[in-house]
Amino acid sequence: MTTRMQAVRDEFARVFGGECTLVRAPGRVNLIGEHTDYNEGFVFPVAIDREVRFAVSPRDDRKVVLRSLNFDAESEFSLSNITKDADQPWSNYVRGIAAVLQDAGHVLRGMNAVIEGNVPLGSGLSSSAAMEIGALLAFEAVSGFQIAPVSAARLAQKAENQFVGVNCGIMDQFISRLGRKGHALLIDCRTLSYEPVPVGGDEVRIVVADSKVKRGLVDSEYNKRRAECERAVVLLSGRLSNIGALRDVTPEQLAAHGDLLADVTRRRARHVVTENDRCLRSVEALRAGDLEAFGKLMNQSHISLRDDYEVSCRELDILVEAAWAVPGVLGSRMTGAGFGGCTVSLVRADAVERFRAEVSRAYEQATGRTPEIYVCSAEDGAGIAEA
Ligand code: GLA
């Protein structure tokens, strides 16, 4: 057992005593396919070696008693009356999951839980999806039922949409639950079918660079982008029949009928339509072993997110441009919702140290901030951890 998992277990013994079950749920990094999930398109994320851990046991009353090691704080609620805790917002992910599970007809038991995680918060690596999926598995473990993984992802997304109030797509919860070691998942966000594709190998590394900035804008701009995409579908339906989402529009169709849309809406739609296409082509390139082609598509994705979708920011652009300048970097782009957070780069194994040195130097010089840079491995989705 890792020492950090041991720390969660020790804290459980100290606070609650008795037997516990250990559950883990990972964060994620998306390699390509950004802002496509809520347009019923394609995404290509990996679950990473940063995760949230829960040590849990059932209670005989209807209370849920939570202790967070990261925040050194407690929060408690009753399954009979689930409300938000404004003072301990980290607990709202667990509360939201409990509410959604009960609404879906699952009978929950009360629970004692110690929670600890190392997914950086607010960095675009889906610490919230990891909390939600971890909480869902924790309730499964103490209550004695099991939810099929894809349904679990949907329920966790619902908790985020309805309880936490962020209108996110399905990608983060899906990959946190269903990720596969050594693989990225090509997920069709309409049908929720998926295919694991090997990534990494010995030759390349997935490198995340955290800008350490987060714009308050992220939630409101996110919901605005969603609305713009929906508007584009309504307008394009004037001429294109059978389109339920931007997923159904090809780049050629958009070029032919873009005159129906105002400039901003057209650029938003162009990002989504070309990004779906890039996502599918990048996976083909990877399968064919063409890492160079994969990397170029990542770079194009960044440019599209920066210029058409307008969800990048100066700090992310600086990190990406610094990465593009390092020999051995196959591709680099912002990842996640944007407006701060992280970049993801595909880097030849022997170029990682140079990446660290040069990207850090360029970023520090331009912004006065030190980025956090780490090499990620692709891991399995959530599960019961070693006892
Ligand atoms: C956030 C959301 C996801 C997805 C990405 C952008 O991470 O939670 O559903 O929309 O942004 O690709």
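Throughout what follows, the structure given in this document is the object of discussion. (Residues numbered from 1 in each chain as written. Predicted model: local features only at pLDDT ≥ 70, side-chain atom pairs only at ≥ 80, totals over all residues. Heavy atoms only, no water.)

**Side note on the pattern of salt bridges**
Counted under the stated rule, the structure contains 37 salt bridges. A salt bridge links E195 to R287; its shortest N-O distance comes to 2.3 Å. Here R287 lies in helix α8 (residues 263–287) and E195 lies in strand β8 (residues 194–198), a separation of 92 residues in the sequence. On the basis of relative accessibility, which here comes to 40%, the residue E195 falls in the partly exposed class. The shortest N-O distance in the salt bridge between E310 and R267 comes to 3.1 Å. Separated by 43 residues along the polypeptide, E310 in the loop between α9 (291–307) and α10 (314–324) and R267 in helix α8 bring together distant segments of the chain. (Salt bridge = Lys/Arg side-chain N within 4 Å of Asp/Glu carboxyl O. Helix = DSSP H or I, 4+ residues; strand = E, 2+ residues; numbered from the N terminus. Buried < 20%, exposed > 50% of the residue type's maximum accessible area, 1.4 Å probe, protein only.)

**Here we look at the sheet that holds β8**
Taken in spatial order, the 3 strands line up as β2-β7-β8 in an open sheet, and their pairing is antiparallel. One side of each edge strand has no neighbouring strand; the edge strands of this open sheet are β2 (42–43) and β8. The pairing of strand β7 (residues 183–188) with β8 spans 5 bridges and is antiparallel. The residue bridging I187 from the neighbouring strand is Y194, located in β8. Sitting on the sheet, helix α5 (residues 171–178) is in contact with β2, β7 and β8, with an inclination near 135 degrees to β7. Its contacts with the sheet place α8 against β2, β7 and β8, and it is angled at close to 45 degrees to β8. (Pairing = 2+ DSSP bridges. Contact = heavy atoms within 4.5 Å. Axes fitted to C-alpha atoms, helices over the stretch in contact; angles between N-to-C directions.)

**Here we look at unusual backbone geometry**
Among all residues save glycine, negative phi is the norm, and among peptide bonds the norm is trans. Positive phi is not limited to glycine here, since H35 has a value of about 60 degrees. Among the structural elements, H35 can be located in the loop between β1 (21–30) and β2. The phi dihedral of D72 falls on the positive side, at around 45 degrees, and the residue is not glycine. Note on placement: D72 falls in the loop between β4 (63–68) and β5 (73–78).

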